[in-house]
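Structural characterization, general
The primary structure of each chain is shown beneath.
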Amino acid sequence: MSTAQDRDRNHLLPAFRNALEPWLAAVEQGGYRYQIYETFRTAERQAYLYASGRTRPGPVLTYTLDSAHEYGVAADGMVLVWNGQAWVADWSAAAYNRVYAAVPPARYGLELLGWERPHVQLRGVNGADLQQPASRWATAHGLRANVIVGSTWPPVTPPPAPTPAAIPAVPLTPAMPATGRVLVPTRSGWRDARGERLVLPVTGETVTLNAQAANGDVYLGGVVWPD
Ligand SMILES: [Zn+2]
């Protein structure tokens, strides 16, 4: 993976994005311009940033090798101000504090790190004392570094799963000619299942059926049938 900066909000975890976007909208409504310039980070990029001011020249950019950015639950933003000719970034603490005071991130399920003004993250990622490693939170939520889960905005609501009663039954054709067998795999070998009905439970899972024809017989794979 790369050390390049990623500012794609689609690379944020849905839980964080669902909190961040309403906050950004409220900030804009409040008359401020706040622009996200970094979202997801690879472990390689976090190490690259950590090296600045330590093993390579430059300012200290981060205090951790274990960042909420690596799990898509943090974003860095800059405050833009009009200087009379153009919108420019105002990196002063005062500029950030104006925005954060006008629209408190805490009201949106977000939290700030006092020592890093551009940084907004999902509340609780570093524990109540802000001292816990993000990886601990990530492990508890089944997330791994270097894996983008991703999100959309506004959130897409999946259509409700059909209930079994909503699926119309397809009648069998009794007059189908018996010219070959339909062989299905069972634990004790292939079995002729011709004329039987395959009922898939409505679980939302996708079952792939692999069929192969040979000598007039059809071999159906993908599921293990009862003997
Ligand atoms: Zn950050």
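Shown above is the structure to which this text applies.
Not measured: the values here are computed from a predicted model. Counting restarts for each chain, with residues numbered from 1 along the sequence as it is written. Per-residue local features are limited, in this predicted model, to residues with pLDDT of at least 70; the limit for side-chain atom pairs, both in listing and counting, is 80 or more; totals at the level of whole chains, interfaces and linings are taken over all residues. Note that the side-chain values use all heavy atoms of the structure and ignore hydrogens as well as water.

1. Quick look at the overall build of the protein
- When helices and strands are counted, the protein shows 4 helices and 9 strands.
- Each helix is a run of H or I in the DSSP string that is no shorter than four residues. Each strand is a run of E no shorter than two, and both are numbered from the N terminus. Counting from the amino terminus, helix and strand elements in the protein follow one another as α-β-α-β-β-α-β-β-α-β-β-β-β.
- Every one of the 227 residues in the protein was classed for burial, and the buried ones make up 34%.
- In the protein, 61% of the contacts between residues at least 6 apart in sequence involve partners at least 24 apart.
- For every accessible area listed, the method is Shrake-Rupley and the probe measures 1.4 Å; residues are considered covered only by the protein chains on display. Split by element, the accessible area of the protein, about 13900 Å² in all, is 57% carbon and sulfur. Working definition: with a 1.4 Å probe on protein chains only, accessible area under 20% of the residue-type maximum means buried, over 50% means exposed, and in between means partly exposed. Should any heavy atoms of two residues lie within 4.5 Å, those residues are counted as being in contact.

2. Observations concerning the coordination of the zinc ion
- Note on the zinc ion: its protein donors are His69 (NE2), Asp76 (OD) and His119 (ND1). The metal-donor distances range over 2.0 Å.
- Of note, the zinc ion draws all its donor residues from one chain, in the sequence arrangement H-x6-D-x42-H. The same class applies to His69 as to Asp76, namely buried. Distances decide who is a donor: an N, O or S atom must be within 2.8 Å of the metal, or within 3.2 Å for Na, K and Ca. Water is not included, so sites may look incomplete.

3. A closer look at the side chain of Glu70
- Mapped onto the elements, Glu70 comes out in the loop between helix 2 (43-51) and strand 2 (74-82).
- Asp and Glu are treated as the negative residues and Lys and Arg as the positive ones, with His and the ends of the chain left uncounted. In what follows, salt bridge is the name for a side-chain nitrogen of Lys or Arg lying within 4 Å of a carboxyl oxygen of Asp or Glu. In this structure, Glu70 is buried with no salt-bridge partner, the nearest side chain bearing the opposite charge being Arg41 at 7.0 Å.
- In protein, a polar contact requires one atom able to donate a hydrogen and another able to accept it; more generally it is a pair of N or O atoms within 3.5 Å, and residues adjacent in sequence count only if both atoms are side-chain atoms. In this structure the side chain of Glu70 is engaged in a polar contact, spanning 2.9 Å, whose partner is the backbone nitrogen of Ser67.
- In this structure, Glu70 is in contact with Phe40, Arg41, Thr42, Ala43, Gln46, Leu65, Arg144, Ala145 and Asn146, ignoring residues within four places of it in sequence.

4. Overview of the nonpolar core
- As used in this record, nonpolar core signifies buried Ala, Val, Leu, Ile, Met, Phe, Trp, Tyr and Cys residues forming a set joined through side-chain atoms within 4.5 Å. Phe16, Leu20, Trp23, Tyr34, Val73 and Trp137 are the most contacted members of the largest nonpolar core, which has 33 residues in total.
- For this core, the secondary-structure elements that each account for two or more residues are helix 1 (14-29), strand 1 (33-38), strand 2, helix 3 (93-102), strand 5 (116-122) and helix 4 (134-140).
- The greatest single-element share of this core, amounting to 7 residues, is contributed by helix 1.
- The contacts of Trp23, once residues within four sequence positions are left out, are Tyr34, Val99, Tyr100, Val103, Pro104, Pro105, Tyr108, Leu110 and Val120.

5. Considering helix 3
- Residues of helix 3 that are buried include every one of Ala95, Tyr96, Val99 and Tyr100, and no others. The arc that holds the buried residues of helix 3, viewed along the axis, is 125°, so those residues lie on one side.
- Where helix 3 is buried, its residues meet helix 1, strand 1, strand 2, strand 3 (87-90), strand 4 (110-113) and strand 5. Directions pointing from the helix axis toward each C-beta atom define the arc.

6. Things to note about the pattern of salt bridges
- Counting across every chain of the model gives 5 salt bridges.
- With a closest N to O distance of 2.6 Å, Arg45 and Glu38 form a salt bridge. You'll find Arg45 and Glu38 in the same group, each marked buried.
- Residues participating in the shared-partner salt-bridge network are Glu38, Arg41, Arg45 and Asp76.

7. With respect to the pairing of strand 4
- A pair of strands is considered paired only if DSSP assigns at least 2 bridges between the two. For strand 4 and strand 5, the ladder comprises 4 bridges, and the chain directions are antiparallel. Directly across from Leu113, in strand 5, lies its bridge partner Glu116.
- Connecting the antiparallel pair strand 4 and strand 5 is a turn made up of 2 residues.

8. Quick word on the pairing of strand 5
- Of all 7 residues making up strand 5, 6 are buried, and the element is well covered by its neighbours.
- For strand 2 and strand 5, the ladder comprises 3 bridges, and the chain directions are antiparallel. When the sheet's bridge partners are listed, Ala74 is paired in strand 5 with Gln121.

9. Observations concerning the packing of aromatic side chains
- Any two rings among Phe, Tyr and Trp, with Trp reduced to its six-membered ring, count as a pair given centres within 6.5 Å; such a pair is stacked if its planes are under 30 degrees apart, edge-to-face if over 60, and tilted if neither. Taken as a whole and judged by the stated rule, the model has 7 aromatic pairs.
- Plain terms: the ring middles of Tyr37 and Trp91 are 5.6 Å apart, the flat faces sit at 80° to each other, and that makes the pair edge-to-face. Remark: Trp91 occurs in the loop between strand 3 and helix 3 and Tyr37 occurs in strand 1; sequence separation between them is 54 residues.
- Ring pairs connect the aromatic residues Trp23, Tyr34, Tyr96 and Tyr100, which therefore count as one cluster.
- The ring of Trp87 carries the charged tip of Arg33 above its face, separated from the ring centre by 4.3 Å.
- Above the plane of the ring of Tyr50 lies Arg54, whose end atom (NZ or CZ) is 3.8 Å from the centre. Consider the ring centre and the ring normal. A charge sits over the ring if Lys NZ or Arg CZ is within 6 Å of that centre and within 35 degrees of that normal.

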